[in-house]
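# Examining the three-dimensional arrangement
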Amino acid sequence: MKPAPFTYHCPETLGEALELLARLENVRVLAGGQSLMPMLNLRLVAPDHLVDLGRIEELVGIEQTADGLALGAMTTQRAIERSALVRERCPLLSEAIEHVGHQQTRNRGTIGGSLCHLDPAAELPLVAAALDATLVAVSKSGQRRIRFADFPAGYLTSQLRHDEIVTRVEFPALRAGTGWAFVELARRPADFAIAAAAALLTVDSADTIRDARIAVGGLGPAPLRIAAAEQALIGQKYRDGLLASAGAAVAACPAEGDALYPSDYRRELAGVMAKRALEKAAGRARSAAYV
Amino acid sequence: MSKHRIKLTVNGSPQEHEIESRTHLADFLRHELGLTGTHIGCEHGVCGACTVLVDGASARACLMLAVQANGRSIETIEGVAAPDGALHPIQAALADHHGLQCGYCTPGVVMTLIELQRETGRRQLDEPEVRRALSGNLCRCTGYQGIVDAALALFGSKT
């Protein structure tokens, strides 16, 4: 099918884009188009206006900040995949990006677009949840910082206002002695994950877990940190079987089922993914802690 | 609805056309320029049949508006063989290894492999790398083995 008619706008500055959003009705913002274009082609959405951010150079770039990494919202997934700075400062993001789409879609798909589209099974929102990322949203009337945990408002819906654009995504650096891992299960490589997990584990030189973060995706409308699983680990001395208890806490969380994957299967699988992510993160944390 | 005048380069030749805002790049190439080698399979970014190169980077032509190609350089399957009709080495390898049958997915496969070849240069690739690169191109005839064999014959280590 073909998109319904719309008026296309191609601002060259952020200011022009914000002006358009403030003025126009029934607008969609076009980032990389790898989710919005299918929705337009299938006529799942039929905006009167499309505002393309593709020519706004100030929205592209990867930079090191005092406490981590900041990415312009229009930075492509491919640029993230190739960035040595991302590998060094935010290795969880590098590990996850391998699972995002195909090279043909990563060449155009952007981090800001993925976070705003909020597909329940998408990798980048899960990484943003695990790392407690901050989004910078700008409108004509000002700018605000939004913790990613507060960003989703429902299925494929963020709390972004219609006149706002996400311009920047900030990821805090990992504490010393922190291991990371991203794992997912999909029927074929690059398919949407049935369940995915991201884990961060900080282990000190006495082998005590100082901090744990576990986020899972695919269970509900948006990725979630699982506090019960994190609490099962923090303060504990590392031992065999400990991580399985965190996996069990994840598997006890409610999950939505669909025609292909019933909720029990998804819950079980989320527990397995969480345990595998934790094992991988623990291996990395413990080898880092003894350096 | 809006109309736009776009200037771009397609297979090295400059083009200037007026198009409707909602026309996607694959339809522009096929209907306006008559370059019907870029095939449309699913038209929502899943099958990879419409893969073209945009400023050298592979992209789904159904997931990009023609107006977004303004000022860009597009390469399609029509620009791949030599002017005298001699096949590109990737096309020849696909023919030699039974890497195509009905041919519907082949233009997308060729464009993906051209990007892979340019990016990896002389470095030898292993089978997982080749399969990962091809994961965005669906083929219903070959079971992929012939395509992978062709790619490995060109840029793999023969073991």
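Residues numbered from 1 in each chain as written. Chains lettered and ligands numbered in written order. Predicted model: local features only at pLDDT ≥ 70, side-chain atom pairs only at ≥ 80, totals over all residues.

### Some points on the overall build of chain A
What counts, and what does not: Labels follow the DSSP assignment, with helices taken as runs of H or I lasting at least four residues and strands as runs of E lasting at least two, numbered in each case from the N terminus. In this treatment the radius of gyration is a C-alpha quantity, and the globule benchmark scales as 2.2 Å times the residue count to the 0.38 power. Using C-beta atoms placed from the backbone, we call a residue buried if 20 or more other C-beta atoms fall within 10 Å of its own, exposed if 12 or fewer do, and partly exposed for counts in between. Residue pairs are scored as contacts if the distance between their C-beta atoms, which are placed from the backbone, is within 7 Å.
Secondary structure summary: chain A contains 11 helices and 14 strands in total. Its C-alpha atoms give chain A a radius of gyration of 19 Å, within 12% of the compact-globule value 19 Å for 291 residues. On the principal axes, the C-alpha backbone points of chain A span a range of 60 × 45 × 30 Å. Looking at the 291 residues of chain A, the share that counts as buried comes to 50%. Pairs at least 24 apart in sequence give 64% of the contacts found in chain A among residues at least 6 apart.

### Things to note about the interface of chain B and chain A
Where we set the bar: Ten residue types, Ala, Val, Leu, Ile, Met, Phe, Trp, Tyr, Cys and Pro, are classed as nonpolar, four, Asp, Glu, Lys and Arg, as charged, and the remainder, Gly among them, as polar.
Taken together, the contacts link 25 residues of chain B with 23 residues of chain A. Breaking the side of chain B that touches chain A down by element, the ones donating at least two residues are β4 (57-60) and α4 (127-133) of chain B. Top element by residues in the side of chain B that touches chain A is β4 of chain B. It accounts for four residues. A per-class count over the side of chain B that touches chain A returns nine nonpolar, 12 polar and four charged.

### Digging into helix α2 (residues 89-96) of chain B
All names here are of chain B. The condition that has to hold: As used here, the arc belongs to the directions running from the helix axis to the C-beta atoms.
Those residues of α2 not exposed but buried are Ile90, Gln91, Ala93 and Leu94. Viewed along the axis of α2, the buried residues span an arc of 160°, placing them on a single side of the element. Elements that come into contact with the buried residues of α2 comprise α3 (106-120) and α5 (145-155). His98, located one to two residues past α2, shows a positive phi value of around 55°.

### Re the confidence of the model for chain B
Selection rule: Known as pLDDT, the predictor's per-residue confidence is scaled from 0 to 100.
Averaged over every residue, the pLDDT of chain B is 96; residues scoring 70 or more account for 99%. Across the predicted assembly, pTM comes out at 0.95 and ipTM at 0.95.

### Section: the pairing of strand β5 (residues 68-72) of chain A
All names here are of chain A. What counts is decided by this rule: Strand pairing is assigned whenever DSSP identifies at least 2 bridges connecting the two strands.
Note that strand β4 (residues 62-65) and β5 share four bridges and pair antiparallel. Bridge pairing in β5 places Ile62 opposite Leu71. Between the end of β4 and the start of β5, which pair antiparallel, lie two residues. Judged from the five bridges that link them, β5 and strand β10 (residues 165-172) form a sheet pairing that is antiparallel. If you follow Gly68 over to β10, its bridge partner there is Pro172.

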